[in-house]
Amino acid sequence: MAKGTILIDEDRCKGCELCTTVCPFDLVHIANHFNAKGYRPSTLVDPEGKCTGCTLCARMCPDVAITVYREGG
Amino acid sequence: MAKILMKGNEAIAEAAIRAGCEAYFGYPITPQTELLEYMSRRMVELGRVFLQAESELSAINMVYGAACAGARVMTSTSSPGFSLMQEGISYIVCSEVPAVVINVMRGGPGLGNIQPSQGDYFQMTKGGGHGDYNVIVLAPATLQEAIDLTILAFDLADKYRSVATIIADGMIGQIMEPVELPEIEPPKRPEQPWALTGAKGREKNIITSLYLGGPNLEKVNLRLQETLEEIKANEVRYAEYMLEGAEIVVVAYGTAGRIAQTVVQEAREEGIPAGLFRPITMFPFPYDRLDEVAKSVEHLLVFELNAGQMLEDVRLATRDRLPIHFYGKMGGVVPSPAEVLAQIKKIASPQQGER
Amino acid sequence: MEKKAGFAKPEALTDALTHYCPGCTHGIIHRLIAEVIDELGIREITIGIAPVGCAVLAYNYFNLDFAEAAHGRAPAMATGLKRVQPDKVVFTYQGDGDLAAIGTAEIVHAASRGENITTIFINNAIYGMTGGQMAPTTLPGQVTTSTPFGRDVKLAGHPLRVAELIATTSGAAYVVRRMVTKPATIASAKKAIKLAFQAQRAELGFSLVEILSSCPTNWGLSPLEALEWVEENMASYYPLGDYKVIDEVKSLK
């Protein structure tokens, strides 16, 4: 399984949650804190390193807040 | 250069072509349709852009688009169509892109009729659309002048990145006269770093008329007003005829100015010291020169094919320091020289004139 | 472990954060257009036209030459831009009020002329910018601020099906309807946008991609609920599909 991760630019995130329902491993959640704009940003919760970098969350994001990294590109 | 006989609308069209007009968008409306028809043939022959739009609204917005690309572009219409174009003209002016609009006026208001009229003077010279702006307004009285002013309109539009218009009427559009068509070198146009040509090797360009926030839009307005001040300082044009020793000066433009010239000549022949002041730029209006002229005359007679629209500018120019008479015909009625002469006679000898 | 970006902001978008409400699908569609422009390598020859409506400031978000049109007039403006520089790629981005109400004449005639431009049409069944009034595409019975009792078609008329209408024009080369509710539909929408731009590049005529979009704020729904509403209510009135794909476009695939 390819390894990946995502970087969420918290200050771009509007907390719309669209990214939270598409992760095959349910790794994207809404954080408990607020960002500079007053939204609760989404966050990657991936203690076991399950993220494959599939990009589905990023493709749902209306604000280009998610960058996806993959091992070996 | 040999003179050739041309119809007004066609002469304006050919002048535009010689001025390097690259694109024409229009919609048929009497009495300017021959202009569109002429363009439909010649522009295509020359490999330039001609398109008959679905409405005047579309035509002016096509002009707006082509102007954004930096093309020399124009449209032509007549009064009801000119009304429809006001939205686009307001946007074009605010966006500071150059365009030329020809209005061959007809009788109004409403659908009116297709006879010559000057009823759009207010609309053309005082803004016409929404917001604080004016467009350059050039008023030809002969076909030769229509040709020369059409060519000038393109240069002024370029120079001030704004809209330059020709205020003609059905008479100018429809009559035939011998004219000289100048051979023009390809126009030397100002650089257009603002044009939308694709963001290649440079930052992207944006052309908009939206400026959110009071201070932002105020800044744009101040710049537009500054441009208007430059236009007022540099571009005032007028013609004077038999002003020497004149006591009664007719103020008239376009077709009315043309009629007035005949009338003044006849008045002089009858010993009445009449003269003619004919504004050529209706915006910028020759306030200062008219004021100067008025200082040495007894009466002004404003003659227009409307209810008295330029009359207000004449009063503004002279601050009502002398008697200002008005003679106008509305609804597409064009008076004969004799009718206008009668007005002059009435001023010259009030007791003989009819009430 | 060295990692490479598998998904990042396209070059054809600026860094600007949009003014769109949370969960508004304008942002997704902007990104799709930008991705297509990047993939086709046409950023430096593409000119966009923004509408009046929520996307009025689209020019701030695309890293392209951009004009802002009068309400509904984007297709006319695009026509002018394209006719004087046919080597450029010109597209309009228009909402339902802009395209299907005040600008109906402009879009129909641009399509009918086979104007070689692309229109991305955002149908969210409401006027977003002015605060949720009835749009020409508002569904029967839908409550808006100007149909407080629900859209009564006897009073307010019927919704306009734009893709179907435009597909009847002879000048249209590619007319489809998509939505952007989940990764699969988003991928399909992107393919359509790409094909529309490719059709223009191949000078095949007018192309339009209608995209069912959400307006959580004015619908009074959460962004996720709003996407469900698109799928459940809009997609039945406005069926997804390919309404016109001329053979030359098919061969582009």
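Residues numbered from 1 in each chain as written. Chains lettered and ligands numbered in written order. Predicted model: local features only at pLDDT ≥ 70, side-chain atom pairs only at ≥ 80, totals over all residues. Heavy atoms only, no water.

Concerning the sheet that holds strand 9 (residues 206–207) of chain B
Here is step 1: A sheet is described by the order of its strands in space; here 8 strands give the open sequence 9(B)-3(C)-2(C)-4(C)-5(C)-7(C)-6(C)-8(C), paired in mixed fashion. Looking at strand neighbours, the two that pair on one side only are strand 9 of chain B together with strand 8 (241–245) of chain C, the edges of this open sheet.
Here is step 2: Bridge analysis of strand 6 (residues 172–179) of chain C against strand 7 (residues 206–212) of chain C gives 7 bridges, and the strand direction is parallel. Looking across to strand 7 of chain C, one finds that Val176 of chain C is bridged to Val209 of chain C. (Pairing = 2+ DSSP bridges. Helix = DSSP H or I, 4+ residues; strand = E, 2+ residues; numbered from the N terminus.)

Remarks on the arrangement of the chains
Here is step 1: Of all 2 pairs of chains that touch, the greatest number of contacts is found between chains B and C.
Here is step 2: You won't find any contact between chain A and chain B; their C-alpha atoms come no closer than 20 Å. (Contact = heavy atoms within 4.5 Å.)

Some thoughts on the interface of chain C and chain B
Here is step 1: In this complex, chain C contributes 36 residues to the contact, which on the side of chain B involves 33 residues.
Here is step 2: For the pair chain C and chain B, the two sides together bury roughly 2600 Å², of which 60% comes from carbon and sulfur.
Here is step 3: Linking chain C to chain B there are 3 salt bridges.
Here is step 4: The salt bridge partner of Arg202 of chain B is Asp65 of chain C, with a shortest N-O separation of 2.6 Å.
Here is step 5: At the junction of chain C with chain B, the criterion picks out 16 residue pairs in polar contact (both at pLDDT 80 or more).
Here is step 6: Those elements that place two or more of their residues in the side of chain C that touches chain B are strand 2 (46–50), strand 3 (65–68), helix 2 (74–84) and helix 4 (104–112) of chain C.
Here is step 7: Here the side of chain C that touches chain B is composed, by residue class, of 17 nonpolar, 9 polar and 10 charged. (Buried area = accessible area lost by both parts, 1.4 Å probe. Salt bridge = Lys/Arg side-chain N within 4 Å of Asp/Glu carboxyl O. Polar contact = N/O pair within 3.5 Å; in protein donor to acceptor, adjacent residues only side chain to side chain. Nonpolar A, V, L, I, M, F, W, Y, C, P; charged D, E, K, R; others polar.)

Overview of the nonpolar core
Within soluble globular proteins, side chains that are nonpolar tend to cluster in buried spots.
Here is step 1: The biggest cluster of nonpolar side chains holds 127 residues, and the ones touching the most others in it are Phe25, Met39, Met74 and Ile89 of chain B.
Here is step 2: The element contributing the most residues to this core is helix 7 (residues 143–160) of chain B, with 11 residues.
Here is step 3: Composition of this core by domain shows at least three residues from each of domain 1 (4–234) and domain 2 (239–354) of chain B.
Here is step 4: Not counting chain neighbours up to four residues away, the residues in contact with Ile89 of chain B comprise Ile60, Phe82, Val101, Tyr133, Val135 and Val163 of chain B.
Here is step 5: Tyr20, Ile186, Ala189 and Val245 of chain C belong to the second-largest nonpolar core, a separate cluster that totals 65 residues. (Core = buried A, V, L, I, M, F, W, Y, C linked by side-chain atoms within 4.5 Å. Buried < 20%, exposed > 50% of the residue type's maximum accessible area, 1.4 Å probe, protein only. Domains from an automatic or database assignment.)

A closer look at the pairing of strand 3 (residues 49–52) of chain B
Working note: regular strand, side chains alternate between the two faces of the sheet.
All names here are of chain B.
Here is step 1: Relative to strand 3, strand 2 (residues 23–26) runs parallel, the two sharing 4 bridges. Following the sheet pairing, Gly26 is matched in strand 3 by Gln52.
Here is step 2: As a crossover connection, the stretch from strand 2 through helix 2 (residues 33–45) into strand 3 is right-handed. (Right-handed = clockwise from strand over helix to strand, strands pointing away.)

Details of the sheet that holds strand 13 (residues 281–283) of chain B
Backbone hydrogen bonds are what pair the strands of a sheet, in a parallel or an antiparallel way.
Here is step 1: If you walk across this open sheet you meet the 7 strands as 3-2-4-5-7-6-13 (chain B), and the pairing is mixed. Whereas interior strands pair on both sides, the edge strands pair on one side only; in this sheet they are strand 3 and strand 13 of chain B. Strand after strand, the sheet turns through a mean of 20 degrees between neighbouring axes, direction not considered.
Here is step 2: Running at roughly 155 degrees to strand 3 of chain B, helix 2 of chain C makes contact with strand 2 and strand 3 of chain B of the sheet. (Axes fitted to C-alpha atoms, helices over the stretch in contact; angles between N-to-C directions.)

A look at the interface of chain C and chain A
Here is step 1: Counting residues at the interface gives 32 residues for chain C, matched by 30 residues for chain A.
Here is step 2: Roughly 2400 Å² is buried in total at the junction of chain C and chain A, and carbon and sulfur atoms are behind 66% of that figure.
Here is step 3: Of all residues in chain C, Phe7, Leu17 and Leu224 of chain C bury the most surface against chain A, accounting for 27% of the area lost on that side.
Here is step 4: Taken together, the links from chain C to chain A amount to 0 salt bridges.
Here is step 5: Linking chain C with chain A are 10 residue pairs in polar contact (both at pLDDT 80 or more), by the criterion used here.
Here is step 6: For the side of chain C that touches chain A, the element with the highest residue contribution is strand 1 (residues 3–7) of chain C, accounting for 5 residues.
Here is step 7: Of the residues in the side of chain C that touches chain A, the class split is 18 nonpolar, 6 polar and 8 charged.

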